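Each chain, letter by letter, is given below.
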Amino acid sequence: MTNRSDFTANEMMTIAAARALSNDDVCFVGIGAPSAACNVARLTHAPDITLIYESGTIGTAPNVLPLSIGDGELCETAVTTVSVPEMFRYWLQGGRISIGFLGAAQIDRFGNINTTVIGDYRKPKVRLPGGGGAPEIATSCQEVFITMKQATRSMVETIDFYTSFGHGTGGDHRRRLGITTKGPTLLITDLAVWRPDPETKEFTVVSMHPGVDRNMIQETCGWTVRFSESVEETPPPSDLELTTLRELQARTERAHGGKKGN
Amino acid sequence: MAKFQSLKEAVAENIRDGDTVAFEGFTHLIPHAAAHEVIRQGIKDLTLIRMTPDIIYDQMIGMGLAKKVVFSYAGNPGVGLLRRMRDAIENNWPRAIETEEHSHAAMANAYEAGAAGLPCAIFRGYRGAGLKEVNPNIKSILCPFTGEELAAVPAHRPDVAVIHAQKASRRGDVLIEGIVGVQKEVVLASRRSVVTVEEIVEDFDDLHPNLCILPHWTVTSIVEVPGGAHPSYTHGYYDRDNAAYLEWDRISADRDLFMAWMRENVLDAGPEVFAHRVKGL
């Protein structure tokens, strides 16, 4: 059995995110933290999960984490590789994807994501990379999982730009815009697992990772945190989960000459 | 009908000041050698279209060639931000650039519409997205059969497409393998095209019948440039040079360092250096 000193907050985040995926899922994998979680799931409890990267690789099974969403490793291990227009039209827009797994530079309590600009769009303080596939991943996948580290500058009261729509201002905002998919249903951070309130759609803490208390969650979050009536403790990583993640990262570092992969 | 040319001739004949040019390659087969030739020739006031601008557009923007950039993800893949593009957007250095920003889905659909000869692309997208508030080229259209509101963007119809591919046959047919991205669409959407290839082979007689092939009569110019995608990769030939992408983050962070690097590695170099750069990858 592992105890808290045996693993890092980042490892707990990746493993908690991996647990949310199942064998039957068809998962559109976003760049960054989601990729590690999706591959840990595939290498542990969900060997038959279908992982799709927006470069057109369907059913990929990389031995090391890719540095970009179009590494050769993804294509070589995929069931098939399709063109980018086909990926977005037939597979994403066509409704074939069950889970979209995204990271975020900035998020608000309703799971709206900003990866476009900090500050004003026309005169940005910081120009971030932009949305890429995310605006349509957020609305075309049946549901969306988000994983990111907590910090007051990234979990904010108001995001500077709506790159990808979550639950808007909450409640039935998605439905009012004609969006029929569920949107963000899960947020996994380095401290907790959050789920949207069924009515208001505000993200609510349902489980805290081992050794984390409510203050730690509030201090790293820019809005007043709501906790579920019964907050559970996230089970710590099992030996298998930790070993799988660490071996994957070690293989990745060897393959990429010291860079950890995404 | 495809012409076999030197890179210098192909770029000079096909790309002119003020053109709209799309360099494509989705993390794979990125036409770096061709972009460097455009920089050497100093072709300016370009409208540059590309889903993922990455290093080649960072270099072209930093050298002052771009008037406008149409894009959907402006990052150094797996590393971080594009520092030259940011400097142009945030500080107008070395010149101000216009930007037109889309999502990947919109860009891919716009290329497909261009290839299909349609004036616009229609798709289910941009719902709740902030881009439609800041980009007047994102509009909506009602389905005449169901009444569903859908997104519409203009088709991409570049003057020139520039891509890199694995092989051309002596006849000028072009083979693209692996992550094929939007390369077929961008060539068919454009008036002219420049294709660099790893090698020219006699014919394609022994290939699988369903491979991605651009027939010779759809391509304007073909140039053999071994290693021409470096530091991106060519499936079946060489791997991605991840160290070069990390190094770019350091070089591009400083204007003087950037200019010095461009002089040594681009302005004072030629396409023949690419074969050397991919040795051992």
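The structure we're discussing is the one just above.
Small disclaimer: the values here were computed from a predicted structure and weren't measured.

1. What to know about the environment of alanine 88 of chain B
Moving on, step 1. Turning to its location among the elements, alanine 88 of chain B is positioned in helix α4 (residues 83–91).
Moving on, step 2. Among all residues touching alanine 88 of chain B, those that are not within four sequence positions of it are Ile61, Trp93, Arg95 and Ile97 of chain B.

2. Describing the sheet that holds strand β10 (residues 149–154) of chain B
Residue and element names in this part refer to chain B.
Moving on, step 1. Reading across from one edge, β8-β10-β9 is the order of the 3 strands in this open sheet, with antiparallel pairing throughout. The open sheet has two edge strands with one neighbour each: β8 (120–123) and β9 (139–142). Across this sheet, the average inter-strand angle for adjacent strands is 40°, counted without regard to direction.
Moving on, step 2. The pairing of β8 with β10 spans 4 bridges and is classified as antiparallel. Residue pairing in the sheet places cysteine 120 in a bridge with proline 154 of β10.
Moving on, step 3. Sitting on the sheet, helix α5 (residues 104–115) is in contact with β8 and β10, with an inclination near 130° to β8.

3. Overview of the packing of helix α4 (residues 84–93) of chain A against α5 of chain B
Moving on, step 1. Running from N to C, α4 of chain A and α5 of chain B cross one another at 110°; their axes reach a closest spacing of 9 Å. What the angle tells us is that α4 of chain A and α5 of chain B run roughly perpendicular. The chirality of how α4 of chain A crosses α5 of chain B is left-handed. Contacts between α4 of chain A and α5 of chain B pair Val84, Pro85, Phe88 and Arg89 of chain A from the former with His104, Ala105, Ala108, Asn109, Tyr111 and Glu112 of chain B from the latter.
Moving on, step 2. Looking at side-chain class alone, the contact of α4 of chain A with α5 of chain B contains 6 nonpolar, 2 polar and 2 charged residues.

4. Things to note about the interface of chain B and chain A
Moving on, step 1. Each partner contributes residues to the interface: chain B has 46 residues there, and chain A has 45 residues.
Moving on, step 2. Contributing elements (two or more residues each) for the side of chain B that touches chain A: α4, α5, α6 (131–134), α7 (183–189) and α8 (242–251) of chain B.
Moving on, step 3. Looking at the side of chain B that touches chain A, the element that brings in the most residues is α5 of chain B, giving 6 residues.
Moving on, step 4. Class assignment for the residues of the side of chain B that touches chain A results in 20 nonpolar, 15 polar and 11 charged.

5. Some thoughts on the nonpolar core
Moving on, step 1. If you look at the biggest cluster of nonpolar residues, it comprises 158 residues, and the most contacted ones within it are Cys27, Phe28, Ala37, Val40 and Phe101 of chain A together with Met60 and Val174 of chain B.
Moving on, step 2. Ranked by the residues each element gives to this core, the list is headed by α5 of chain B, at 8 residues.
Moving on, step 3. Excluding residues within four positions of it along the chain, methionine 60 of chain B makes contact with Ala35, Val38, Ile39, Leu48, Leu65 and Ala66 of chain B.

6. So, unusual backbone geometry
Residues apart from glycine generally show negative phi values, whereas peptide bonds are mostly found in trans.
Residue and element names in this part refer to chain B.
Moving on, step 1. Along the chain, tryptophan 93 connects to proline 94 via a cis peptide bond; the corresponding omega equals 0°.
Moving on, step 2. Tracing the chain through its elements places proline 94 in the loop between α4 and β7 (98–101).
Moving on, step 3. Even without being a glycine, threonine 27 presents a positive backbone phi close to 65°.
Moving on, step 4. Summarising the element assignment, threonine 27 is placed in the loop between β2 (20–23) and α2 (32–41).

7. A look at the environment of methionine 208 of chain A
Residue and element names in this part refer to chain A.
Moving on, step 1. Here methionine 208 shows up in strand β13 (residues 203–208).
Moving on, step 2. Under the C-beta neighbour-count criterion, methionine 208 is labelled partly exposed, with 19 such atoms within 10 Å.
Moving on, step 3. In this structure methionine 208 touches Leu191, Ala192, Ile217, Val231, Glu233 and Thr234, once residues within four positions along its chain are discounted.

8. Some words on the packing of helix α1 (residues 9–19) of chain A against helix α2 (residues 33–43) of chain A
Residue and element names in this part refer to chain A.
Moving on, step 1. The contact between α1 and α2 brings their axes to 8 Å, and the two run at 60°. Relative to α2, the element α1 is oriented oblique. Like other packed secondary-structure pairs, α1 and α2 cross with a definite hand, here right-handed. Taken together, the residues of α2 that come into contact with α1 (itself represented by Thr14, Ile15, Ala17 and Ala18) are Ala33, Ala36, Ala37, Val40 and Ala41.

9. Brief notes about the sheet that holds strand β11 (residues 184–188) of chain A
Residues and elements named next belong to chain A.
Moving on, step 1. Strand order in the open sheet formed by 10 strands is β4-β3-β2-β1-β5-β10-β11-β12-β13-β14, with mixed pairing between adjacent strands. Strand pairing shows two members of the sheet lacking a second neighbour, β4 (80–81) and β14 (226–233), which therefore form its edges.
Moving on, step 2. Here strand β12 (residues 192–196) runs beside β13; their pairing, made up of 5 bridges, is antiparallel. Each bridged residue has a counterpart across the sheet, and for valine 193 the counterpart in β13 is serine 207.

Definitions and cut-offs
- Residues numbered from 1 in each chain as written.
- Chains lettered and ligands numbered in written order.
- Predicted model: local features only at pLDDT ≥ 70, side-chain atom pairs only at ≥ 80, totals over all residues.
- Helix = DSSP H or I, 4+ residues; strand = E, 2+ residues; numbered from the N terminus.
- Contact = placed C-beta atoms within 7 Å.
- Pairing = 2+ DSSP bridges.
- Axes fitted to C-alpha atoms, helices over the stretch in contact; angles between N-to-C directions.
- Parallel < 35°, antiparallel > 145°, perpendicular 65-115°, else oblique.
- Left-handed = near helix turned anticlockwise from the far one by under 90°.
- Nonpolar A, V, L, I, M, F, W, Y, C, P; charged D, E, K, R; others polar.
- Core = buried A, V, L, I, M, F, W, Y, C linked by C-beta atoms within 7 Å.
- Buried ≥ 20, exposed ≤ 12 C-beta atoms within 10 Å, placed from the backbone.

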